[in-house]
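# Chains, contacts and geometry: an overview
What follows is each chain in one-letter form.
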Amino acid sequence: DKTCFPTPPVCAEAYNPDDDEDDDFEPRVVHPKSDEQRRRLQDACRDILLFKTLDQEQFSEVLDGMFEVLVKPQEHIIDQGDDGDNFYVIERGVYDIIVLIDGVGKCVGKYDNKGSFGELALMYNTPRAATIMANQEGALWGLDRATFHRLIVKNNAKKRKMYEAFIECVPLLKSLELSERMKIVDVVGMRVFRDGECILTQGDKADCFYIVESGEVKIMIISKTKAGQQGNAEVEIARCSRGQYFGELALVANKPRAASVYAMGVTKCLVIDIQAFERLLGSCKEIMKRNISQYENQLVALFGSSVDLKH
Ligand SMILES: Nc1ncnc2c1ncn2[C@@H]1O[C@@H]2COP(=O)(O)O[C@H]2[C@H]1O
Ligand SMILES: Nc1ncnc2c1ncn2[C@@H]1O[C@@H]2COP(=O)(O)O[C@H]2[C@H]1O
């Protein structure tokens, strides 16, 4: 059995007289946890995008409802075609994403010690869209279908309303169907950055893509300074504001980040993880590639052909 309950779950009432929908009457699931478990769980959940639009009360209910799952090498946590039972957050371990293509299982990606999976079957009431297999021993945190529905799926209606108008005016996404744009909204996270905060760093491994919702970012590249001067300097190469995107290059080219990005003033970004990027933005890659081909020209125009970029 892949599920281990250190202590039996208890139920706490979550009756809310202001809400008239049926499943608000469902009991609130609480899996008791030691302080040490709660700390590990909080660490694992810190960057989970699906949790980024929850308020504190909802987030704390999610944490209460999660239970630890220890997995062995080669274990299938999810099998493509099955009904959805749980959503999973990764604490540790490497997991293959295997999708049947013409009847043959193909590894289309990996989760490497972070991220989450298993949301699609629960969100859209569809069979599991991929098989997830542990490559090594690992630890996950599961959230049952009913709790996921009550806290995450219901929040999606609010998210769609909040971001619908904005997402409609993102030029990159114009070619997508409305339903495809809404599927992006369902899985995005919202992150707010302080003035001057580093959003991503040149040379880092990449796992997210960003669209600026408000505020502005500046994109900086480390260039070796001209002869006679010492050391490296960061030089501004571009800015992005509302509706523009960044962080696609490393995902498309499968390379480290080519530049660093900083918030200028308080900046809000929609964040999409690499798996959702691959699944939902595949058809936008041609547009991205056309724009990427301009980057080199942009750099030559800024620095001249003698520019020595440190990658
Ligand atoms: N390319 C992909 N296609 C389908 N599912 C994927 C893909 N990459 C990651 N996944 C995850 O694999 C999970 C399998 O179960 P679900 O369909 O519930 O949710 C799916 C996603 O969370
Ligand atoms: N001239 C440029 N060269 C490289 N990256 C650029 C340039 N202009 C904008 N960027 C963005 O800066 C981002 C840094 O992270 P990525 O390499 O993932 O994706 C990069 C692009 O989105």
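For the structure given in this document, a descriptive report is provided here. Per chain, residues are indexed from 1 in the order of the written sequence. Here the convention is simple: chains get letters from A, ligands get numbers from 1, in the order in which they are written. For this predicted model, a pLDDT threshold of at least 70 governs which residues receive local features, and a threshold of 80 or more governs which side-chain atom pairs are given and counted, while totals over whole chains, interfaces and linings are taken from all residues. Here the side-chain values reflect all heavy atoms present in the structure, with hydrogen atoms and water set aside.

### Remarks on the pairing of strand 3 (residues 66–71)
Relative accessible area decides the class of each residue, using a 1.4 Å probe on protein chains only: under 20% of the type maximum gives buried, over 50% gives exposed, and in between gives partly exposed. Strands here are runs of E lasting at least two residues and helices are runs of H or I lasting at least four, both read from the DSSP assignment and numbered beginning at the N terminus. Counting buried positions over the six residues of strand 3 gives five, a clear majority of the element. Strand direction decides the pairing type here: strand 3 and strand 10 (residues 138–144), joined by six bridges, are antiparallel. Following the sheet pairing, Phe67 is matched in strand 10 by Gly142. Pairing between two strands is assigned when DSSP locates at least 2 bridges connecting them.

### Quick word on the sheet that holds strand 5 (residues 86–92)
Across the sheet, which stays open at both edges, the four strands sit in the order 3-10-5-8 with antiparallel pairing between neighbours. Bordering the open sheet on either side are strand 3 and strand 8 (116–117), each of which pairs with just one other strand. Direction of pairing for strand 5 relative to strand 10: antiparallel, over a ladder of six bridges. Paired with Phe87 across the strands is Leu143, a residue of strand 10. Residues count as neighbours in contact if any of their non-hydrogen atoms are within 4.5 Å of one another. The axes are straight lines fitted to the C-alpha atoms, using for helices just the contacting stretch, and the angles between their N-to-C directions are given from 0 to 180°. Sitting on the sheet, helix 1 (residues 35–45) touches strand 3, strand 5 and strand 10, and the angle it makes with strand 5 is about 100 degrees. Along the sheet, helix 2 (residues 56–65) makes contact with strand 3 and strand 10, crossing strand 3 at roughly 45 degrees.

### Describing the site of ligand 2
Taken together, 14 residues lie around ligand 2, and Gly247, Glu248, Ala250, Arg257 and Ala258 are the ones closest in. Any N or O atom pair separated by 3.5 Å or less is treated as a polar contact, with the protein-specific requirement of one donor-capable and one acceptor-capable atom, and with residues adjacent in sequence counted only for side-chain atom pairs. The backbone of Leu249 places a nitrogen or oxygen atom 3.3 Å from an oxygen atom of ligand 2. Gln298 is positioned such that a nitrogen or oxygen atom in its side chain is 3.4 Å from a nitrogen atom of ligand 2. In these tables, accessible area is a Shrake-Rupley quantity obtained with a 1.4 Å probe, and a residue counts as shielded only by the protein chains included in the view. Protein coverage of the free-state accessible area of ligand 2, which is 450 Å², stands at 97%. Where the shell around ligand 2 is concerned, the elements lending two or more residues are helix 6 (248–253) and helix 8 (285–303). Any residue with a heavy atom lying within 4 Å of a molecule or strand is counted as near it.

### Here's the deal with the environment of Met288
Relative to the helices and strands, Met288 resides in helix 8. Between the C-alpha atom of Met288 and that of Leu249, which follows or precedes it by 39 residues, the distance is 8.1 Å. Apart from residues lying up to four places away in sequence, Met288 is in contact with Leu172, Phe209, Tyr245, Glu248, Val252, Phe277 and Leu281.

### Re the pairing of strand 10
Burial analysis of strand 10 places seven of its seven residues in the buried class, the great majority of the element. In strand 10, alternate side chains face the same way, and those of Gly138, Leu140, Gly142 and Asp144 on one face and Ala139, Trp141 and Leu143 on the other are all buried.

### A word on the nonpolar core
Grouping buried Ala, Val, Leu, Ile, Met, Phe, Trp, Tyr and Cys residues that are joined through side-chain atoms within 4.5 Å yields what is termed a nonpolar core. Among the nonpolar cores identified, the biggest contains 47 residues, and Phe51, Leu173, Phe209 and Leu281 are the most heavily contacted of them. It is helix 4 (residues 145–168) that provides the largest number of residues to this core, a total of seven residues. Aside from chain neighbours lying at most four places away, what touches Leu281 is Leu173, Leu176, Ile184, Phe209, Ile272, Ala276 and Met288.

### Re the environment of Arg191
Counting through the fold element by element, Arg191 comes out in strand 11 (residues 189–193). For the pair Arg191 and Tyr124, spaced 67 residues apart in the sequence, the C-alpha separation amounts to 25 Å.

### Some remarks on the packing of helix 2 against helix 4
Orientation of helix 2 relative to helix 4, taken along the N-to-C sense of each, is 140 degrees, at an axis distance of 10 Å. If you check the angle between helix 2 and helix 4, you find them oblique. Residues Gln58, Glu61 and Val62 of helix 2 touch helix 4, and the partners they reach there are Arg150, Leu151, Ile152 and Asn155. All amino acids are sorted into three groups, where Ala, Val, Leu, Ile, Met, Phe, Trp, Tyr, Cys and Pro are nonpolar, Asp, Glu, Lys and Arg are charged, and the leftover types, Gly among them, are polar. Looking at the contact of helix 2 with helix 4 residue by residue, the class counts come to three nonpolar, two polar and two charged. For classification purposes, an angle smaller than 35 degrees is called roughly parallel, one larger than 145 roughly antiparallel, one from 65 to 115 roughly perpendicular, and anything else oblique.

### Here's the deal with the pattern of salt bridges
The rule for a salt bridge is simple: a side-chain nitrogen of Lys or Arg has to be within 4 Å of a carboxyl oxygen of Asp or Glu. Per the counting criterion, the structure on display carries 21 salt bridges. In this structure, Glu91 and Arg40 form a salt bridge, with 2.9 Å as the shortest nitrogen-oxygen distance. Residue Glu91 is found in strand 5, and its partner Arg40 is found in helix 1; the two are separated by 51 residues along the sequence. Judged by relative accessible area, Glu91 falls into the buried class, the value being 17%. The exposure class assigned to Arg40 is buried, which follows from its relative accessible area of 17%. If you follow the salt bridges from partner to partner, you end up with Arg28, Arg38, Glu57 and Asp64 in one network.

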